[in-house]
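So the chains spell out like this:
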Amino acid sequence: MRALTGSAEQLLERLRAEGDQTEADVFISADAGNLWKVKDAGLFQNVTTPTLQEKVPEHLRDPDGAYWGFTKRARIIVYRKDAVRPEEVATMDALGTARFHNQIVMRSSSNVYQLSTLAARIERLGAENAKAWAAAVRGNFAHDPQGSDTDQIKAVAAGEAQASVCNHYYYFRMMRSDDPADRDVVSKVGFVFPDQAGAGTHVNISGGGITAHAQRRDLGIQFLEYLVSDAAQTMLAPLNTEFPIRPEIPAAPDLAAAGPFKEENIPLDALGRHQAEAARIFEEVGWS
Ligand code: FE
């Protein structure tokens, strides 16, 4: 087997250009928003096997079988411990309240994690609600969006703002870091899985599917099935900073210690279906 790596965008373009000449049998990416784009371009084929259906929870795979999750990530709220009590950031809605006036930093809306998070809200509560939320949070910005998820954690630690949002593994990577500066940052920052009393925390996948023009379809399916097998999930879990896709497989000890959490349950392809609308809403409210 040969692996070719690149950004999701680069790999999608390459797949598009190669058409039926492609050597790629499997396409793997983080974020269902990216995987949906491959599906939308007609570059995945739908695949369903009893093993994949049994191992991958329904809300963590494409309803048509175009792509399947093998690990899972949560969108968490991070807050500065000396300024915020965790119960003040128990919900995503809280970030848009007067309590956090000038106290929120956020990553740019061009990032797929932000698009997927807002797309999920559009699916659950409708576009008007999603726009009102985005506008309220935008109104609380301490400064214009800049930097990565990790940069949001650093900005909160540095006192530029009191709270932000990031994918959970960026926080845990800093906790596991050998660099004392990273551990100093996380010592100042707490996190919560938001919306535990409501719809649950937004989750997303790392996943993959079989390319439309795969020449070794059966081998590709075997590989996807391997990724969610006992052997692979159990081997990867203790090393991974993401959660196993299968709830019965224990996560790495530090992730497991963060406790089980209630996750949002919506059809995964909604993250792609509402992506363009999410981008439009972000633009309308001035969240660059
Ligand atoms: Fe990431």
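We now turn to the structure provided with this report. (Residues numbered from 1 in each chain as written. Predicted model: local features only at pLDDT ≥ 70, side-chain atom pairs only at ≥ 80, totals over all residues. Heavy atoms only, no water.)

Okay, the coordination of the iron ion next. Only Tyr113 (OH), Tyr169 (OH) and Tyr170 (OH) from the protein coordinate the iron ion, and they sit 1.9 to 2.0 Å from it. Between consecutive donors of the iron ion, the numbers of intervening residues give the motif Y-x55-Y-Y. The exposure classification of Tyr169 matches that of Tyr170, with both residues buried. (Donors = N, O, S within 2.8 Å, 3.2 Å for Na, K, Ca; no water. Buried < 20%, exposed > 50% of the residue type's maximum accessible area, 1.4 Å probe, protein only.)

Its identity is not glycine, yet Asp31 carries a phi of approximately 75 degrees, on the positive side. As for its placement among the helices and strands, Asp31 is situated in the loop between strand S1 (26–30) and helix H2 (32–40). One non-glycine residue, Asn102, adopts positive backbone phi at about 60 degrees. Examined against the element boundaries, Asn102 turns out to sit in the loop between strand S3 (68–80) and helix H4 (112–125). (Helix = DSSP H or I, 4+ residues; strand = E, 2+ residues; numbered from the N terminus.)

Orientation of helix H6 (residues 149–157) relative to helix H7 (residues 168–176), taken along the N-to-C sense of each, is 65 degrees, at an axis distance of 9 Å. Classified by the angle their axes make, H6 and H7 are roughly perpendicular. Crossing handedness for the pair H6 and H7: right-handed. Taking contact as the criterion, the partners of Asp149, Thr150, Ile153 and Lys154 in H6 are, on H7, Tyr170, Tyr171 and Met174. (Axes fitted to C-alpha atoms, helices over the stretch in contact; angles between N-to-C directions. Parallel < 35°, antiparallel > 145°, perpendicular 65-115°, else oblique. Left-handed = near helix turned anticlockwise from the far one by under 90°. Contact = heavy atoms within 4.5 Å.)

Grouped together as the largest cluster of nonpolar side chains are 58 residues, with contacts concentrated most on Tyr67, Val78, Ile153, Tyr171 and Ile205. Phe100, Val192, Ala278 and Phe282 belong to the second largest nonpolar core, which has 25 residues in total. (Core = buried A, V, L, I, M, F, W, Y, C linked by side-chain atoms within 4.5 Å.)

Gln275, Ala278, Ile281, Phe282 and Val285 are the residues of helix H13 (residues 275–285) that are buried. Around the axis of H13, the buried residues are gathered within 120 degrees of arc, so they sit on the same side. Those residues of H13 that are exposed and aimed more than 90 degrees away from the buried face are Ala276 and Glu283. In this structure, the buried residues of H13 make contact with H2, H4, helix H5 (127–138) and helix H12 (270–273). Looking one or two residues past H13, Gly286 carries a phi angle of roughly 80 degrees, positive in sign. (Arc of directions from axis to C-beta.)

Mapped onto the fold, Val228 is located in the loop between helix H9 (217–227) and helix H10 (230–236). Along the primary structure Val228 and Leu52 are separated by 176 residues, whereas in three dimensions their C-alpha atoms are 7.5 Å apart. The contact partners of Val228, leaving out residues within four places of it in the chain, are Leu52, Lys55, Val56, Gly69, Phe70, Gln233, Ile245 and Arg246.

Moving on, we get to the environment of Phe193. Mapped onto the fold, Phe193 is located in the loop between strand S5 (189–192) and strand S6 (203–211). In sequence terms Phe193 and Val78 are 115 residues apart; their C-alpha atoms lie 9.1 Å from each other.

A few words now on the packing of aromatic side chains. In this structure the tally under the stated criterion is twelve aromatic pairs. Their ring planes at 40 degrees and their centres at 6.2 Å tell us that Phe44 and Tyr67 sit as a pair that is tilted. One end of the pair, Phe44, is in strand S2 (residues 44–45); the other, Tyr67, is in the loop between helix H3 (50–55) and S3, with 23 residues separating them in the sequence. Across the pair, Tyr67 and Phe44 agree in class, each one buried. (Phe/Tyr/Trp six-rings, centres within 6.5 Å; stacked < 30°, edge-to-face > 60°.)

A few words on the pattern of salt bridges. This model, assessed by the stated rule, comprises 26 salt bridges. Across the salt bridge formed by Arg124 and Glu264, the nearest N and O atoms sit 2.8 Å from each other. Taken together, the residues Arg124 in helix H4 and Glu264 in the loop between helix H11 (253–257) and H12 connect sequence positions 140 residues apart. Ionic pairing is found between Asp184 and Lys188, a salt bridge with its closest N-O pair at 3.0 Å. What you see here is one network of salt bridges that share partners, running through Arg85, Glu87, Glu88 and Arg99. (Salt bridge = Lys/Arg side-chain N within 4 Å of Asp/Glu carboxyl O.)

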